[in-house]
Amino acid sequence: MTYVEGFLLAVPASKKDAYLAMAAAAAPLFKEFGATRMVECWEDDIKDGKVTDFRMAVKAEPGEAIVFSWIEYPSKEARDAANERMRTDPRMKNMGEMPFDGMRMIFGGFSKVFDA
């Protein structure tokens, strides 16, 4: 089954265009490195929780929007190889500064267990 790497982050709403430009520039590289699909979702209906929520998870600040995204790979091994290439490919380093605080980004790999 497909392996998924998921991401949750806060992006200043004023940098939405810069974020989308970064994602559009990165997508062909991710696909070259082995990704089969890349999805970026901008917040539309995020509720504030009492114990936890998306905003608390990434310590979102006023004026920041929540982004939920994922990249699909054929396997964990393909994801691991892609991540290594991302760390070493000079094209990734030349993409410039990220339009968000990467220290507050949450990410991780997931094995699919159900897909309807």
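This is a predicted model, so every value here is computed, not measured. (Residues numbered from 1 in each chain as written. Predicted model: local features only at pLDDT ≥ 70, side-chain atom pairs only at ≥ 80, totals over all residues. Heavy atoms only, no water.)

(A) Summary view of the pattern of salt bridges. Taken as a whole and judged by the stated rule, the model has 14 salt bridges. Note that R37 and E72 form a salt bridge whose closest N and O atoms lie 3.2 Å from each other. Here E72 lies in strand β3 (residues 64-73) and R37 lies in strand β2 (residues 37-42), a separation of 35 residues in the sequence. On the basis of relative accessibility, which here comes to 11%, the residue E72 falls in the buried class. Two residues, R55 and E43, come together in a salt bridge whose shortest N-O distance is 2.9 Å. Here R55, found in helix α2 (residues 54-57), pairs with E43, found in the loop between β2 and α2; they are 12 residues apart in sequence, far enough to count as distant. (Salt bridge = Lys/Arg side-chain N within 4 Å of Asp/Glu carboxyl O. Helix = DSSP H or I, 4+ residues; strand = E, 2+ residues; numbered from the N terminus. Buried < 20%, exposed > 50% of the residue type's maximum accessible area, 1.4 Å probe, protein only.)

(B) Highlighting the sheet that holds strand β4 (residues 106-111). Here we have four strands laid out as an open sheet, ordered β2-β3-β1-β4, and antiparallel in their pairing. Of all the strands in the sheet, just β2 and β4 have a single pairing partner and so form its edges. For this sheet the average axis-to-axis angle between neighbouring strands, irrespective of direction, equals 15°. Judged from the 10 bridges that link them, strand β1 (residues 3-12) and β3 form a sheet pairing that is antiparallel. By the bridge assignment for β3, V11 is matched with A65. Along the sheet face, helix α1 (residues 16-33) touches β1, β2 and β3 and points at about 170° away from the line of β2. (Pairing = 2+ DSSP bridges. Axes fitted to C-alpha atoms, helices over the stretch in contact; angles between N-to-C directions. Contact = heavy atoms within 4.5 Å.)

(C) Inspection of the nonpolar core at higher detail. Formed by 17 residues in total, the largest nonpolar core has its most connected members in L9, F30, Y73 and M86. Looking at this core, the elements with two or more residues in it are β1, α1, β3 and α3 (76-88). Looking at this core, the element that brings in the most residues is α1, giving five residues. In this structure Y73 touches T2, Y3, E5, G34, A35, T36, A78, R79, A82 and M86, once residues within four positions along its chain are discounted. (Core = buried A, V, L, I, M, F, W, Y, C linked by side-chain atoms within 4.5 Å.)

These results come straight from atomic positions and should not be treated as a statement about function.
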